[in-house]
Amino acid sequence: MGRHVVLIEDEPNIIEAIRFLLTREGWTVEAHSDGQDAIEVIKAAKPDLVILDLMLPGKSGMEIIKDLREQEKMTQLPVLMLTARGQARDREMAEKAGVSRFMTKPFSNTEVLAAVRDLHAQANQA
């Protein structure tokens, strides 16, 4: 059972917080901060889960999720989207684009861990 996550996030403090949290839980965390080549990074890493920020330099998280879902092997990949903007419209657009779960910043460590555990468990049942 793999436990590899790719984190696409441009805020260093959030990267470090999530990396610390998940590595303690036994996950391998690969962080990347640029939206422009995020798809290539995700494809190369073949992760079990992606944590994706909505607002990124180069390409938005929304564009990345749309591109990701067009990739044959990435249609079922669990994606947790993080955003500082928690408007319902953003959430609806993200869910339509194929995001598995949506979380608004700031979030608690407990919320992140629960979401990652749930998404990983669901993916392993499929």
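Residues numbered from 1 in each chain as written. Predicted model: local features only at pLDDT ≥ 70, side-chain atom pairs only at ≥ 80, totals over all residues. Heavy atoms only, no water.

Caption draft 1: Spatial organisation of helix α1 (residues 12-24). For α1, with 13 residues, the first-to-last C-alpha span of 18 Å sits near the 18 Å given by 1.5 Å per residue. If you check which residues of α1 are buried, you get Ile14, Ile15, Ile18, Leu21 and Leu22. Viewed along the axis of α1, the buried residues span an arc of 140°, placing them on a single side of the element. Facing away from the buried surface of α1 by more than 90 degrees, the exposed residues are Pro12, Asn13, Phe20 and Arg24. Next to the buried residues of α1 lie β1 (4-8), β2 (28-32), β3 (49-53), β4 (79-83) and α5 (109-125). One or two steps after α1, the chain reaches glycine 26, where phi turns positive at roughly 95°. (Helix = DSSP H or I, 4+ residues; strand = E, 2+ residues; numbered from the N terminus. Expected span 1.5 Å × (residues − 1). Buried < 20%, exposed > 50% of the residue type's maximum accessible area, 1.4 Å probe, protein only. Arc of directions from axis to C-beta. Contact = heavy atoms within 4.5 Å.)

Caption draft 2: Structural detail: the UniProt feature "modified residue: 4-aspartylphosphate" (unreviewed entry) in the protein. Taking the numbering used here, the UniProt-annotated feature "modified residue: 4-aspartylphosphate" (unreviewed entry) corresponds to Asp53. When you line up the elements, aspartate 53 lands in strand β3. You can call aspartate 53 buried: its relative accessible area is 3%. (UniProt positions renumbered as here; feature names shortened; annotations may be inferred.)

Caption draft 3: Structural view of the side chain of aspartate 53. Here the side chain of aspartate 53 touches lysine 105 through a polar contact of 3.1 Å, side chain to side chain. Not counting residues within four places of it along the chain, the set of residues in contact with aspartate 53 comprises Ile8, Glu9, Asp10, Gly61, Leu82, Thr83 and Lys105. (Polar contact = N/O pair within 3.5 Å; in protein donor to acceptor, adjacent residues only side chain to side chain.)

Caption draft 4: Geometry of the environment of glutamate 63. Counting through the fold element by element, glutamate 63 comes out in helix α3 (residues 61-70). On the accessibility criterion, glutamate 63 (42% relative accessible area) is partly exposed. Separated by 27 residues in the primary sequence, glutamate 63 and glutamine 36 have C-alpha atoms spaced 9.8 Å apart. A distance of 2.8 Å separates a polar side-chain atom of glutamate 63 from the backbone nitrogen of serine 60.

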